[in-house]
Each structure stands twice: as C-alpha cells, then as structure tokens.
Amino acid sequence: MDTVDARLVAALRANGRASYAELGRLVGLSGPSIQERVRRLEERGVITGYRATVNPTALGLGLTALIGLVLSDSAGHDEVGARLEDVPEVEDCWFIAGDEAYMLKVRVGDVEGLERLLNRLVRVEGVARTRTTLIISARFEDRQVEASDEELVGSR
C-alpha cells in the first residue's frame, strides 16, 4: 500500500459515501483512477465493507458493557466463539490473553437487559463465569488509526 492508497483509505474511513470524484480531489487523482484503486483495495482485503454508523442510544441501546468470559477447562475456544455469534447483543468479540478467554462489547437497553444477557451467557456451553465492566461514557469509539510511514514502507 503506498501513501496515495493510505490517504484514500483514510478519506473513505472519514466518509464512506464520498464519490470517486470527491475522493480524487482529496488525493489528487482522477475519478476513474480512484475507482480502480478502490477496486484493488477491496480485492486485496484492505477495504472489507461499508456501513452506516448509528447512535446506539437512539436505537434504545443505552447501556454498554465489557464482559470477560472465563471458559471451563474442557471448552474449545472456537466452539464457544461460534456460539457467541448467535448472541445479537454482542457488538464485538475478541479472543484475548489473560484469565478471560473472550472479551465482549455488548449493548443493551438497560440494567435489566444486561442481567438477562448475563444469565444467557453463563448458559452458553463452555462458559464457566463472566466478569462485567459497565461503560459510563465513551471518550471516543471507532477511532481511525493510521499506519505510520515506516509501517507503510514495511508492508510493501
């Protein structure tokens, strides 16, 4: 990925609905050149999709929590991870190092919704116990982290 691709990706992350012409103006290329670069970035798996960012509270999901899952000794990580895909309240699921095997970011409507979710999670086969941290507020989320010039050069 060269610096033009990096600038293009940053522009798309800031505004995924930008036209090829608008993106071209931002990075100094023609619309057709941008279209071809975007196609190549998609084919290489750099760009994996496009989505709308929504306000969870506006959807009735005012409570966010991080839930660490400790697995039973006989549990298979992959099997538990597959079961977690069926839990709609789980926004993010990370396999982590430490006492917990998985860290979940969940969104629910209220404390009662969180209690119901925790009761369901401990019944997931392979989950021994949970540890929950409530999110009071978010300073920032979905931060756009960019690779440094050294990292870009190393990835070529």
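The structure we're discussing is the one just above.
Now for a description of the structure that goes with this document. (Residues numbered from 1 in each chain as written. Predicted model: local features only at pLDDT ≥ 70, side-chain atom pairs only at ≥ 80, totals over all residues. Heavy atoms only, no water.)

Description of the pattern of salt bridges
Step number 1: For the structure shown, the criterion picks out 13 salt bridges.
Step number 2: Where Arg83 meets Glu125, a salt bridge forms, and the shortest distance between an N and an O atom there is 3.7 Å. Here Arg83, found in helix H4 (residues 77–84), pairs with Glu125, found in the loop between helix H5 (111–121) and strand S4 (127–135); they are 42 residues apart in sequence, far enough to count as distant.
Step number 3: With a relative accessible area of 29%, Arg83 lands in the partly exposed category.
Step number 4: You can call Glu125 exposed: its relative accessible area is 57%. (Salt bridge = Lys/Arg side-chain N within 4 Å of Asp/Glu carboxyl O. Helix = DSSP H or I, 4+ residues; strand = E, 2+ residues; numbered from the N terminus. Buried < 20%, exposed > 50% of the residue type's maximum accessible area, 1.4 Å probe, protein only.)

Focus on unusual backbone geometry
Step number 1: The backbone phi angle of Asp142 is positive, close to 50°, even though this residue is not glycine.
Step number 2: Tracing the backbone through its elements, the reader meets Asp142 in the loop between S4 and helix H6 (149–154).

A look at helix H3 (residues 31–43)
Step number 1: The end-to-end C-alpha distance of H3, which contains 13 residues, comes to 18 Å, matching closely the 18 Å that a straight helix rising 1.5 Å per residue would cover.
Step number 2: Check the buried side of H3 and you find it contacts helix H1 (3–14) and helix H2 (20–27).
Step number 3: Phi for Gly45, located one or two positions after H3, is positive at around 80°. (Expected span 1.5 Å × (residues − 1). Contact = heavy atoms within 4.5 Å.)

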